[in-house]
Amino acid sequence: MPSVTCIAPVNIAVIKYWGKRDEKLILPLNDSISTTLSTEQLCAKTTITLSKSIRQNRLFLNGKEERFENPRLIVCLNEIKNRARLGGTVSAEILEWNLEIVSENNFPTAAGLASSAAGYACLVTALAALYKIENQDISSIARMGSGSACRSIYGGFVQWKMGVEPSGQDSIAIQVAPEFHWPELRILILVVNDKKKGTSSTIGMTRSVNTSELLKYRAATCVPRRINQMKAAIENKDFSMFAKITMQDSNQFHAVCLDTYPPCIYMNEVSLKIIDFIHNFNDYKKEICAAYTFDAGPNACLYVEEKHLAELSAFIDHVFPHENFNSKNYKRGIEVKEKHDLKHDEKELFIQQDQNLLKFIIHTRVGVGPTVEVLP
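Summary of the structure given here. (Residues numbered from 1 in each chain as written. Predicted model: local features only at pLDDT ≥ 70, side-chain atom pairs only at ≥ 80, totals over all residues. Heavy atoms only, no water.)

### So, the packing of helix H8 (residues 269-285) against helix H9 (residues 306-319)
So, point 1. For the pair H8 and H9, interaxial distance at closest approach is 12 Å and the crossing angle is 130°. On the basis of the axis angle, H8 is oblique to H9. Here H8 and H9 pass one another in a crossing that is right-handed. Residues Phe277, Ile278, Phe281, Tyr284 and Lys285 of H8 form the contact with H9, whose participating residues are His308, Glu311, Leu312, Phe315, Ile316 and Val319. (Axes fitted to C-alpha atoms, helices over the stretch in contact; angles between N-to-C directions. Helix = DSSP H or I, 4+ residues; strand = E, 2+ residues; numbered from the N terminus. Parallel < 35°, antiparallel > 145°, perpendicular 65-115°, else oblique. Left-handed = near helix turned anticlockwise from the far one by under 90°. Contact = heavy atoms within 4.5 Å.)

### Some remarks on helix H5 (residues 201-211)
So, point 1. Those residues of H5 that sit buried are Gly204, Met205 and Ser208. Axial view of H5: buried residues confined to an arc of 100°, hence all on one face. (Buried < 20%, exposed > 50% of the residue type's maximum accessible area, 1.4 Å probe, protein only. Arc of directions from axis to C-beta.)

### Some remarks on the packing of aromatic side chains
So, point 1. Counting across every chain of the model gives 16 aromatic pairs.
So, point 2. Centre to centre, the rings of Tyr284 and Phe315 are 5.7 Å apart; their planes meet at 65°, and the pair counts as edge-to-face. You can see Tyr284 sitting in helix H8 and its partner Phe315 sitting in helix H9, a full 31 residues away along the chain.
So, point 3. With 4.7 Å between their ring centres and 50° between their planes, Phe315 and Phe350 make a pair best called tilted. Taken together, the residues span a long stretch of sequence, with Phe315 in helix H9 and Phe350 in the loop between helix H10 (344-348) and strand S16 (360-365) at a distance of 35 residues. Residues Phe315 and Phe350 agree in their burial class; the two are buried.
So, point 4. What links up through ring pairs into an aromatic cluster is the set Phe277, Phe281, Tyr284, Phe315, Phe320 and Phe350.
So, point 5. Between Arg332 and the ring centre of Phe360, over which it is positioned, the NZ or CZ distance is 3.6 Å. (Phe/Tyr/Trp six-rings, centres within 6.5 Å; stacked < 30°, edge-to-face > 60°. Lys NZ or Arg CZ within 6 Å of the ring centre and 35° of its normal.)

### As for the environment of Asp170
So, point 1. Looking at where Asp170 falls in the secondary structure, it is placed in the loop between strand S10 (157-160) and strand S11 (173-177).
So, point 2. It is 8.0 Å that separates the C-alpha atoms of Asp170 and Ser140, two residues lying 30 residues apart in sequence.
So, point 3. When near neighbours in sequence (up to four residues on either side) are disregarded, Asp170 contacts Lys161, Gly163, Val164 and Glu165.
So, point 4. A polar contact of 2.8 Å, which involves the side chain of Asp170, links it to the backbone nitrogen of Val164. (Polar contact = N/O pair within 3.5 Å; in protein donor to acceptor, adjacent residues only side chain to side chain.)

### Here's the deal with the nonpolar core
One recurring pattern in soluble globular proteins is that nonpolar side chains are buried together.
So, point 1. Ranked by internal contacts, the top residues of the largest apolar core, which has 98 residues, are Leu99, Tyr131, Phe242, Ile274, Tyr303, Ile316 and Leu358.
So, point 2. If one sorts the elements of this core by residue count, helix H3 (residues 115-130) sits on top with eleven residues.
So, point 3. Excluding residues that lie within four positions of it along the chain, Leu99 makes contacts with Ile48, Thr49, Leu50, Ile54, Gln56, Asn57, Arg58, Phe68, Leu77, Leu127, Leu130 and Tyr131.
So, point 4. With 15 residues, the next largest nonpolar core counts Trp18, Ile26, Cys150 and Cys264 among its residues. (Core = buried A, V, L, I, M, F, W, Y, C linked by side-chain atoms within 4.5 Å.)

### Remarks on the packing of helix H6 (residues 213-236) against helix H7 (residues 239-259)
So, point 1. At a minimum axis separation of 10 Å, H6 and H7 run at an interaxial angle of 165°. Between H6 and H7, the angle is such that the two are roughly antiparallel. The handedness of the crossing between H6 and H7 comes out as left-handed. The residues of H7 that touch H6, namely those facing Glu213, Leu214, Leu215, Arg218, Cys222, Val223, Arg226, Gln229, Met230, Ala233 and Ile234, are Met241, Phe242, Ile245, Thr246, Gln248, Asp249, Gln252, Ala255, Val256 and Asp259.
So, point 2. Taken together, the residues that form the contact of H6 with H7 break down as twelve nonpolar, four polar and five charged. (Nonpolar A, V, L, I, M, F, W, Y, C, P; charged D, E, K, R; others polar.)

See below:
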């Protein structure tokens with residue numbers, strides 16, 4: 001009864017993936033680039049047990065049993081088994097055994113925090129270890145579960161290459177830079193809403209592909225240029241360029257969502273207040289010291305270098321006050337040990353918002369890819 005436990009990371013795109021050219025194979029309209037977040041703060045954890053005594057395949061997600069017939073899960077499982085069969089990595093008998101999959105996230109699911117990416121990266125990595133094909137590139141298999149899952153196969157900074165082959169064989173993820181490349185970079189996730197979003201990413205993308213003229217221009221003209229600029233910014237650790245492109249691409253992604261008919265509205269009023277706050281903070285600093293990006297949800301992912309972290313955190317506490325702003329349940333993840341006291345005139349520069357607009361804040365950093373433990 002072999003068993004494998006895998007922990008896999010969330011990734012947050014700084015150049016967004018939105019729209020497929022092939023729905024079945026999940027082939028994107030454009031390349032994308034993401035940062036892999038540390039699994040110490042955000043992760044999916046999956047344990048898979050394989051045994052001839054298991055009567056039928058079973059799946060448990062966050063403590064609840066789900067139907068195993070999910071088409072994307074079946075595709076990933078079959079692809080892993082096909083590779084194992086061709087490579088002879090396990091016996092024909094083992095290939096016929098059933099599975100029990102137990103998976104959970106330590107963060108909100110379907111709230112625009114890339115839960116499916118972490119989940120499918122975790123699933124595919126665990127399956128690859130279980131069927132002993134872990135030395136192969138499996139990002140293309142993870143992609144068939146959830147597009148952006150291919151980026152969670154690697155740590156650090158990751159590019160998902162759209163590819164050109166109809167088969168999708170060249171639509172894979174590659175590491176642009178390792179997790180230790182930019183140790184000064186920090187991420188603050190401002191959770192505005194931890195509930196399931198109204199329009200799923202899958203539905204939203206299909207609607208955008210069918211109706212948005214801006215999406216066509218973005219994929220053909222804007223993204224190729226930004227990919228090269230972003231890779232250079234990462235290589236040179238040029239935060240100003242990194243931040244500017246990140247914000248511009250996030251804004252354009254949500255403009256595409258509004259250009260979609262009917263529109264997909266993922267941000268809310270608090271999201272817009274956060275955008276305004278970051279631009280005001282950068283204006284006050286007279287340089288780009290912080291950046292925001294929003295995936296398909298209202299929650300903000302902020303990038304900042306460590307030298308500005310304490311000051312930015314202090315301004316967040318002031319502008320977005322919370323009754324429990326010093327509690328560990330509100331401020332999660334890495335502790336911001338350095339304290340920054342705002343002067344009276346600094347406080348006067350920013351409009352203080354209503355209390356408790358943010359549910360909680362997660363402080364994290366760029367981290368490694370999936371890790372696996374195999375039990376005989």
